[in-house]
Amino acid sequence: MIVPIKTPESEVVEWVLVELQGKIEQLTPEQSIEIGMLLSNDPDGKSLQLTIGYHQLEGKKLTLKKPMAILGKVEASPCGPMECGEEMAAAESRNTAYEVVGVIRHQYLFKTRPRALISKPGAR
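As the structure is a prediction and not an experimental result, all values here were calculated from the model.

Conventions and cut-offs
Residues numbered from 1 in each chain as written. Predicted model: local features only at pLDDT ≥ 70, side-chain atom pairs only at ≥ 80, totals over all residues. Heavy atoms only, no water. Salt bridge = Lys/Arg side-chain N within 4 Å of Asp/Glu carboxyl O. Helix = DSSP H or I, 4+ residues; strand = E, 2+ residues; numbered from the N terminus. Buried < 20%, exposed > 50% of the residue type's maximum accessible area, 1.4 Å probe, protein only. Core = buried A, V, L, I, M, F, W, Y, C linked by side-chain atoms within 4.5 Å. Contact = heavy atoms within 4.5 Å. Pairing = 2+ DSSP bridges. Patch = residues over 30% accessible without salt bridge, like charges linked within 9 Å, V, L, I, M, F, W, Y side chains within 5 Å. Areas by Shrake-Rupley, 256 points an atom, 1.4 Å probe, with all protein chains shown as cover.

Chemist: Where do I start with the pattern of salt bridges in this structure?
Modeler: Pairs may arise between side chains of opposite charge once their charged atoms sit close together. Applying the stated rule across the entire model yields two salt bridges. Between Glu 58 and Arg 115 there is a salt bridge, with its nearest N and O atoms 3.3 Å apart. Of this pair, Glu 58 sits in strand 5 (residues 55-75) while Arg 115 is found in strand 7 (residues 115-116), placing the two residues 57 residues apart along the sequence. Taking relative accessible area as the criterion, Glu 58 reaches 40% and is therefore assigned partly exposed. Classification of Arg 115 as partly exposed rests on a relative accessible area of 42%.

Chemist: How should I be thinking about the nonpolar core in this particular structure?
Modeler: For soluble globular proteins, the rule of thumb is that nonpolar side chains tend to be buried together. If you look at the biggest cluster of nonpolar residues, it comprises five residues: Leu 48, Leu 50, Leu 57, Tyr 108 and Phe 110. Taken together, the elements giving at least two residues each to this core come down to strand 4 (47-52) and strand 6 (96-110).

Chemist: Would you take a moment to explain the side chain of Gln 49 for this structure?
Modeler: Structurally, the position occupied by Gln 49 is in strand 4. When its relative accessible area of 16% is taken as the criterion, Gln 49 is described as buried. Residue contacts for Gln 49: discarding those within four places in its chain leaves Met 37, Leu 38, Leu 39, Asn 41, Gln 56, Leu 57, Glu 58 and Phe 110.

Chemist: What's the story with the pairing of strand 6 in this structure? I'm lost.
Modeler: Looking at chain direction, strand 1 (residues 5-6) and strand 6 are connected through two bridges and run parallel. Within strand 6, the residue paired with Lys 6 across the bridge is Glu 99. Sheet topology note: the strand 2 (residues 13-20)/strand 6 ladder contains eight bridges and is parallel. Within strand 6, the residue paired with Leu 20 across the bridge is Phe 110.

Chemist: Is there a simple way to think about a nonpolar patch on the surface in this case?
Modeler: Judged by side-chain polarity, Val 13, Trp 15 and Val 101 come together as a nonpolar surface patch covering roughly 260 Å² of accessible area. Here Val 13 shows up in strand 2.

Below is the structure:
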């Protein structure tokens, strides 16, 4: 079976893959998706610091050997049940295509254990 992959008319959005050791858990579902602050120490962006709460991770920016595509599923039926009949519409509704949503060319790798940040001196 051949699955068609479409590219968008406009420019493809570039994403970044973030690799962490461990996992990040949400305490409540109402939390926003912001997890921390990402800072770069170098002008070229090779050395990175990610601060999550009272923990700081140090990492680096790597270029992937092969870029990865992020695909979105697009289901389209050329005709409805009234135009083609029920059996034909059911068979046509299984035609699936994928559209390129983004491309990943870089990876932020944080492979060391987090360093604990200490709050203000004198605070208990």
